[in-house]
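Residue-level structure breakdown
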Amino acid sequence: MVTDPTSFIDTWKAMEKLLKTGKTRAIGVSNFSKSELEVILREGSVVPAAHQLELHPYLQQKDFVAWHMEKGIQIIQFSPCGNLNAFYRDVSWAKEEAHITRLIDHPVLLNVAKKHGKTPIQIALAWGVVNRRAVIPKSTIEWQILENAAADKIVLDEEDLKEIASMDQKARFNDPSADFGYKLYIGLDGATV
Ligand SMILES: NC(=O)c1ccc[n+]([C@@H]2O[C@H](COP(=O)([O-])OP(=O)(O)OC[C@H]3O[C@@H](n4cnc5c(N)ncnc54)[C@H](OP(=O)(O)O)[C@@H]3O)[C@@H](O)[C@H]2O)c1
């Protein structure tokens, strides 16, 4: 990858100008660390509408999530199915995390799913939705897409949430820092350094 010397805050300020032209109604970021977001909050004039980041029961990032809520930044969970994406298990940047149990085979999700008459993947997705996050699973298979879409109707109780909280392993599957030549996720759970 060839990186440009333009700083992200200059890019952000250029994006802010697009709001005034009406070409976009909202602007946001992806894969930012807290310190990078703090630069935007300090030097920019618009709070990001959303931050798209890796989040699933194996990487819950509780403090970082709470901080977004405090700042009014909507979280969009990418890779909400954790290591179900074969890419994260079979290749990687693969550290030992790549070989942990597939998210949907985890006994906690199996138990909660059984209790609600749902599937483990629906519980993993519902965990994000009930916590007021946008959740964007990817699938190429129609029945799976329908199954995923139905997950936003599921109500989880306190006991379910407590059990799912125990699944956090600070396991980050998507960290292409080495390939990008740019250190991502500094200070965040599951960062490589
Ligand atoms: N901003 C970023 O840096 C970033 C990084 C990564 C991903 N993303 C975005 O996040 C979204 C999802 O990411 P992702 O593909 O990494 O992760 P994901 O949605 O967590 O996982 C996708 C994997 O889960 C499988 N799957 C989905 N629904 C399933 C179901 N109901 N039952 C069984 N298996 C199921 C898919 O299988 P099949 O393919 O066989 O259906 C695929 O292998 C995409 O829109 C992507 O663009 C953004």
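Reading the values: the criteria
- Residues numbered from 1 in each chain as written.
- Predicted model: local features only at pLDDT ≥ 70, side-chain atom pairs only at ≥ 80, totals over all residues.
- Heavy atoms only, no water.
- Helix = DSSP H or I, 4+ residues; strand = E, 2+ residues; numbered from the N terminus.
- Buried < 20%, exposed > 50% of the residue type's maximum accessible area, 1.4 Å probe, protein only.
- Polar contact = N/O pair within 3.5 Å; in protein donor to acceptor, adjacent residues only side chain to side chain.
- Near = heavy atom within 4 Å.
- Areas by Shrake-Rupley, 256 points an atom, 1.4 Å probe, with all protein chains shown as cover.
- Core = buried A, V, L, I, M, F, W, Y, C linked by side-chain atoms within 4.5 Å.
- Contact = heavy atoms within 4.5 Å.
- Pairing = 2+ DSSP bridges.

- Per an unreviewed UniProt entry, the protein carries the name NADP-dependent oxidoreductase domain-containing protein and comes from Sporothrix bragantina.

1. Observations regarding the environment of E54
- Considering the arrangement of structural elements, one finds E54 in strand β2 (residues 50–54).
- Residue classification places E54 among the buried residues on the basis of a relative accessible area of 0%.
- Along the primary structure E54 and F173 are separated by 119 residues, whereas in three dimensions their C-alpha atoms are 8.3 Å apart.
- Polar contacts involving the side chain of E54 include one to the side chain of H56, which spans 2.8 Å.
- Engagement of the side chain of E54 in a polar contact is seen with the backbone nitrogen of F173, the distance being 2.9 Å.

2. Thoughts on the site of the ligand
- Around the ligand, 22 residues are found, and the nearest of them are N31, S79, C81, K138 and S139.
- The side chain of N31 places a nitrogen or oxygen atom 2.7 Å from an oxygen atom of the ligand.
- Here an oxygen atom of the ligand sits 3.2 Å away from a polar atom, N or O, in the side chain of N85.
- Protein chains shield 75% of the accessible area of the ligand, which is 910 Å² for the free molecule.

3. Re the nonpolar core
- Counting 43 residues, the largest nonpolar core has L37, L109, I123, L156, I164 and M167 as its most contacted members.
- Within the residue set of this core, elements represented by two or more residues are α1 (8–21), α2 (34–43), α3 (62–71), β3 (74–78), α5 (107–116) and α6 (120–130).
- Top element by residues in this core is α6. It accounts for six residues.
- Among residues more than four places away in sequence, those in contact with M167 are P57, Y58, Q60, L103, H106, V108 and L109.

4. A word on the sheet that holds β2
- Spatial strand order, β1-β2-β3-β4: four strands in an open sheet with parallel pairing. Of all strands in the sheet, those bounded by a partner on one side alone are β1 (29–30) and β4 (134–135).
- Looking at chain direction, β1 and β2 are connected through two bridges and run parallel. The partner of S30 across the bridge, within β2, is Q52.

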